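Summary of structural features
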Amino acid sequence: MILTMGRFIEYDSEGFTLQEAVAEAKRCLHCAKPMCRTGCPIENEIPDFIAEMAKGNLGAASDIIARRSNLPAVCGRVCPHERQCEGSCVLNHVGKGIKIGKIERFIADMDGEYNLVPPKATKKQAGNVCVIGSGPAGLTIAGDLAKLGFAVTVFESQQEAGGVLMYGIPEFRLPKQVVRREVEKIEKLGVKFQMNTQIGPDFTIDKLFADGFDAIFIGTGNSVSKPLPVEGAKLNGVVQATYFLQIMELSRQGGLDVSEVPIKKGDCVIVVGAGNTAIDAARTAARMGAQSVTIVNRRRECDMAALPSEVEQAKGEGVKFLHLHATIGVEGEDAVTGLKCRLRTAQENGDDVKIVDTEEEVVLPANKVIIAVGQKPSSRIVDSTKGVEVDEYGFVKTRENPYGMTTRSGVFAGGDVVNGPATVVRAMKDAKLVAQGIAQYVEAKKLMESCGLSAE
């Protein structure tokens, strides 16, 4: 239960009890052709770990999950289950789909609490791998390669590991102690973490190679927010959603004074965007005591990238939604006073829907405007590194063989820095493939070196 905008709201934020988890697991049909696994980007062995959960074998269930995922407690909370595994469950068609995410969360939490299955690596492999960035892709790469026996060091610019998991997803959706626990499990595999270290002009990829790394993975995600290309977008009071969420988390951890948080109690807030980041920003602003919070969406509600469940939770916290409103300007002299929008209409012709602008304009009053219209990669690393090419939008170009290698030999990339903003589990899916590519490259490199040949 939380207090927001002067009233209490109940949420199903708690996980399963043991009795509930076993009862839910026993409902699984253990299909011969498990569509739930097909719907999972990393092909988690869902029926198998659910079968063990149904028998109360938590250790076996956790061991099965660990074959495919290094972040089960995270995935159990923030994966879009309704669009992936749970949405693919055959029982979902009659409204009785298995709560796969909550089962995975229960197993992962119990393992984290009682250390049911200690992390273990295979025999040591020759090879030293550097991972830049400790978000979902970086942690997946680190865990998978450590399990194969490679020496792995993760470099992170922030004071704590986790990337977007730590600084981009609010505490109420993903408790930071859960992230810390997942990182600790990866550390127990032998992975080393070097914090407060920014790779770029002063500490370059060339230096990392000179220090003895055989391969380098760039997993820095999309750290630069896209601007809103309208007049007034630089007025005082216009805030990027990713910046707001990061500053909020740093303040919550005590790293910054709460006065540094750009949204204050009593603010009239408008959020421009339609994805989960927009929802996270809106819900965070509401929980801070904003007088009003409104999400402005240029298309219909059914077109929103945000999960329907997240939208409903935001509505339950008092967040308002204005659909078919296209932002055309930010009003104000020195500071924000409102958001100018052009009203739009949806013209339906059978299955074809065309969204068109009308002539009508409105100004929505606000003193804070949060922008959540997407992110792109930072150019800090590629600008200081020869041979790593990017496309016209700044995303790193990679090869299919070995999977994930950039246009520079030995330098790999994956996740959002290659594919653009996506879910946590989709970044993990790509990273798992890149981990295989890195392993193949390093093994081939070591073999050539043992034969007196150069890998270049």
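Thresholds applied
- Residues take numbers from 1 onward in each chain, read along the sequence in its written order.
- Per-residue local features are limited, in this predicted model, to residues with pLDDT of at least 70; the limit for side-chain atom pairs, both in listing and counting, is 80 or more; totals at the level of whole chains, interfaces and linings are taken over all residues.
- Where side-chain values are given, they derive from all heavy atoms of the structure, hydrogens and water being excluded.
- A run of DSSP states H or I qualifies as a helix once it reaches four residues; a run of E qualifies as a strand once it reaches two. Both are numbered from the N-terminal end.
- A helix's residues, less one, multiplied by 1.5 Å, set its expected span.
- Residue contacts follow a heavy-atom distance rule, with two residues in contact if any of their heavy atoms lie within 4.5 Å.
- One speaks of a salt bridge when a side-chain nitrogen belonging to Lys or Arg is within 4 Å of a carboxyl oxygen belonging to Asp or Glu.
- Three labels apply to residues, based on accessible area from a 1.4 Å probe with only protein chains included: buried if under 20% of the type maximum, exposed if over 50%, partly exposed otherwise in between.
- DSSP-based pairing: two strands are paired if at least 2 bridges between them are found.
- Interaxial angle, 0 to 180 degrees, is taken between N-to-C directions of lines fitted to C-alpha atoms, where a helix line uses only the stretch in contact.

1. Regarding helix H10 (residues 176–187)
With 12 residues, H10 should cover 16 Å at 1.5 Å per step; its first-to-last C-alpha distance of 16 Å lies within 8% of that length. On its buried face, H10 sits against helix H5 (72–78), helix H7 (100–114), helix H8 (136–147), helix H9 (164–167), strand E5 (192–194) and helix H12 (241–252).

2. Considerations on the pattern of salt bridges
Taken as a whole and judged by the stated rule, the model has 32 salt bridges. A salt bridge links Asp109 to Arg77, with the nearest nitrogen and oxygen atoms 2.8 Å apart. Here Asp109 is found in helix H7, whereas its partner Arg77 is found in helix H5, with 32 residues between them in sequence. Across this residue pair, the class does not change: Asp109 and Arg77 are buried. In this structure, Lys446 and Asp214 form a salt bridge, with 3.1 Å as the shortest nitrogen-oxygen distance. Pair noted here: Lys446 is in helix H17 (residues 424–450) and Asp214 is in the loop between helix H11 (205–210) and strand E6 (215–218), with a separation of 232 residues, a long-range link. With relative accessibility at 5%, the residue Asp214 sits in the buried group. Residues participating in the shared-partner salt-bridge network are Arg173, Asp280, Arg283, Arg287, Glu310 and Glu317.

3. Digging into the sheet that holds strand E15 (residues 368–371)
Overall, parallel pairing links the five strands, which are arranged E8-E15-E9-E10-E11 in an open sheet. Each edge of the sheet is formed by a strand with only one pairing partner; in this case those strands are strand E8 (238–240) and strand E11 (320–322). Across this sheet, the average inter-strand angle for adjacent strands is 25 degrees, counted without regard to direction. Across five bridges, strand E9 (residues 268–272) lies against strand E10 (residues 292–296) in parallel orientation. Among the inter-strand pairings, Cys268 is bridged to a residue of E10, identified as Ser292.

Just distances and angles here, no functional claims.
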